[in-house]
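As a plain string of letters, each chain reads:
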Amino acid sequence: MRDGVGLYDLTSMGKYLVQGRDAEAVLQHLCTNDLAVADGSVVYTPLCNARGGFESDITVTRLGRERFLLVTAAGTAVRDFDYIQRHIPAEAICTITDVTHALAMLAVMGPQSRDLLQSLSDEDLSNATFPYGTAREIDLGYARPLALRMSYVGELGWELYFPTNFALPLFDALMEAGRPLGLKLVGMQAVNSLRLETGYRHWESDITPDDNPYVAGLGFGVKLDKGDFIGREALMALKEAPRARRLTTFTLDDPE
């Protein structure tokens with residue numbers, strides 16, 4: 001994936017639809033980042049407790065005025081669903097639906113990922129029309145997936161979300177089109193290694209309820225000026241407080 005193109009399957013990631021008239025307000029109260037964004041925007045955001053510590057970190061894609069797709073780690077899918085559901089006020093016009101098993105997810109990553117997808121689609125996948133942090137449905141082979149221009153491995157790439165019954169034909173189409181480009185199947189240990197090199201965090205391994213976004217180097221995902229949300233008061237203090245430690249990533253010039 002550093003030099004060519006790789007494909008990995010993360011269908012196991014937790015996926016929820018949050019919908020309703022009050023969906024934005026509910027998520028704004030739960031999330032530290034600002035979700036009052038244009039349709040088709042993808043936002044990374046921590047979910048913090050009252051102490052400013054991580055309860056989770058997720059990506060939120062705004063599908064429409066009252067529809068959001070939330071994606072979280074496979075290992076915390078049940079926990080995160082329960083956490084979000086418990087924080088939806090009884091009077092709110094808002095629902096959360098677990099669509100984890102309804103949607104498959106294939107990730108196409110690497111410098112040649114655009115070439116591969118472009119060979120199967122008439123959509124314009126250029127930076128100008130499909131920048132990082134955006135999402136839209138595209139025709140691709142035998143399916144019409146929701147394509148998210150996101151990456152957990154630090155390379156150019158797209159996450160493709162689509163009904164599970166299209167998984168096999170779309171996988172076959174990608175493998176066939178990718179053969180001339182040297183497409184490789186990528187395992188999760190490689191994905192984990194690459195996300196570490198990129199400096200991306202993993203809940204429970206790197207960040208826990210005892211860590212806050214500023215210690216974790218994820219302060220960009222906190223918008224203190226967007227209005228009230230869980231943990232805001234604590235995070236305002238933590239932002240200005242001296243830090244005894246900070247999670248960071250470094251490389252060695254000499255591995256020995």
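About the thresholds
Residues numbered from 1 in each chain as written. Predicted model: local features only at pLDDT ≥ 70, side-chain atom pairs only at ≥ 80, totals over all residues. Heavy atoms only, no water. Helix = DSSP H or I, 4+ residues; strand = E, 2+ residues; numbered from the N terminus. Buried < 20%, exposed > 50% of the residue type's maximum accessible area, 1.4 Å probe, protein only. Contact = heavy atoms within 4.5 Å. Expected span 1.5 Å × (residues − 1). Arc of directions from axis to C-beta. 1 Å grid on protein atoms, 1.4 Å probe; cavity = no way out; pocket = protein on both sides within 12 Å on 5 of 7 lines; lining within 4 Å. Points joined across faces, edges and corners; volume = space filled by probe spheres on them. Nonpolar A, V, L, I, M, F, W, Y, C, P; charged D, E, K, R; others polar. Pairing = 2+ DSSP bridges. Axes fitted to C-alpha atoms, helices over the stretch in contact; angles between N-to-C directions.

### Looking at the environment of Phe 81
- Positionally, Phe 81 belongs in helix α2 (residues 77–86).
- Judged by relative accessible area, which is 18%, Phe 81 ranks as buried.
- With residues up to four places along the chain from it excluded, the contact list for Phe 81 reads Tyr 16, Ile 96, Thr 97 and Asp 98.

### Section: helix α4 (residues 167–178)
- Here α4 spans 16 Å end to end across 12 residues, near enough to the 16 Å set by a 1.5 Å rise per residue.
- Those residues of α4 that fall on the buried side of the exposure criterion are Leu 170, Ala 173, Leu 174, Ala 177 and Gly 178. Each buried residue of α4 lies within a common arc of 120° when the element is viewed along its axis, so the set occupies one face.
- Elements that come into contact with the buried residues of α4 comprise β1 (6–9), β7 (103–109), α3 (113–118) and β10 (157–163).

### Quick look at the layout of surface pockets
- Put simply, the largest pocket is a space of about 870 Å³.
- Taken together, 38 residues form the lining of the largest pocket, with Met 13, Asp 57, Tyr 152, Arg 201 and His 202 sitting closest to its centre.
- Looking at the lining of the largest pocket, the elements that each hand over two or more residues are β3 (42–48), β4 (54–64), β5 (67–72), β10 and α5 (188–198).
- Within the lining of the largest pocket, the residues separate by chemical class into 19 nonpolar, 13 polar and 6 charged.
- Here the second largest pocket defines a volume of roughly 290 Å³.
- Along the walls of the second largest pocket sit 18 residues, with Leu 63, Arg 67, Leu 69, Glu 137 and Leu 146 positioned nearest its centre.
- The set of elements that each furnish at least two residues to the lining of the second largest pocket consists of β4, β5, β8 (135–137) and β10.
- Its residues placed into classes, the lining of the second largest pocket shows 11 nonpolar, 2 polar and 5 charged.

### Section: the sheet that holds β3
- On the basis of which strands lie adjacent, the open sheet formed by 5 strands has the order β3-β4-β5-β2-β6 and antiparallel pairing. The sheet is open, and its two borders are formed by β3 and β6 (95–98), each paired with just one other strand. The average angle at which neighbouring strand axes cross in this sheet is 30°, direction not considered.
- Where strand β2 (residues 14–19) and β5 come together, 6 bridges link them in antiparallel fashion. Following the sheet pairing, Leu 17 is matched in β5 by Leu 69.
- Here helix α1 (residues 23–30) sits on the sheet and contacts β2, β3, β4 and β5; the angle it forms with β5, its principal contact strand, is near 35°.

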